[in-house]
Amino acid sequence: MYCLEGDYEYTDSGLRLRPGSFYMNPKDHPHGPTMAHERSRLIEIYDGPHYYEKPEYHTDETIGDFLAKD
């Protein structure tokens, strides 16, 4: 995650992202909770699926082929 503007915090760890900050969050590491202290613009890049299994709140329509198995 790269912060373009704002002040964005991972509240459990106290990590704050401000303009120019970069944060790499490894797989299976907590991805929240978070809080924006002001309007924030971030770029997030994912290198794999969010989930091992489709969460109950998603349907095939909302998640598409994201977890399709070969």
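Residues numbered from 1 in each chain as written. Predicted model: local features only at pLDDT ≥ 70, side-chain atom pairs only at ≥ 80, totals over all residues. Heavy atoms only, no water.

**Some details on the pattern of salt bridges**
The full count for this structure, using the stated rule, is 4 salt bridges. Among the charged side chains, a salt-bridge network with shared partners connects Glu-5, Arg-39 and Arg-41. (Salt bridge = Lys/Arg side-chain N within 4 Å of Asp/Glu carboxyl O.)

**Some remarks on the sheet that holds strand β2 (residues 15-17)**
The strand order β2-β1-β3 describes an open sheet built from 3 strands, whose pairing is antiparallel. Edge positions in the open sheet fall to β2 and β3 (34-43), since each of these has one partner strand only. Ignoring strand direction, the axes of neighbouring strands in this sheet form an average angle of 25°. The sheet contact formed by strand β1 (residues 2-10) and β2 spans 3 bridges and is antiparallel. Across the sheet, the residue bridging to Tyr-10 is Leu-15, located in β2. (Pairing = 2+ DSSP bridges. Helix = DSSP H or I, 4+ residues; strand = E, 2+ residues; numbered from the N terminus. Axes fitted to C-alpha atoms, helices over the stretch in contact; angles between N-to-C directions.)

**Concerning the pairing of β1**
The pairing of β1 with β3 spans 7 bridges and is antiparallel. Across the sheet, the residue bridging to Tyr-10 is Thr-34, located in β3. Counting the residues that bridge the hairpin from β1 to β2 gives 4 residues, and of these Gly-14 lies at a positive phi of roughly 80°.

**Some thoughts on the environment of Arg-16**
Note that Arg-16 resides in strand β2. Arg-16 sits 18 residues away from Thr-34 along the chain, and the two C-alpha atoms are 9.6 Å apart. Not counting residues up to four positions away in its chain, the partners in contact with Arg-16 are Asp-7, Tyr-8, Glu-9, Ser-21 and His-37. At 2.6 Å, the side chain of Arg-16 forms a polar contact with the side chain of Asp-7. (Contact = heavy atoms within 4.5 Å. Polar contact = N/O pair within 3.5 Å; in protein donor to acceptor, adjacent residues only side chain to side chain.)

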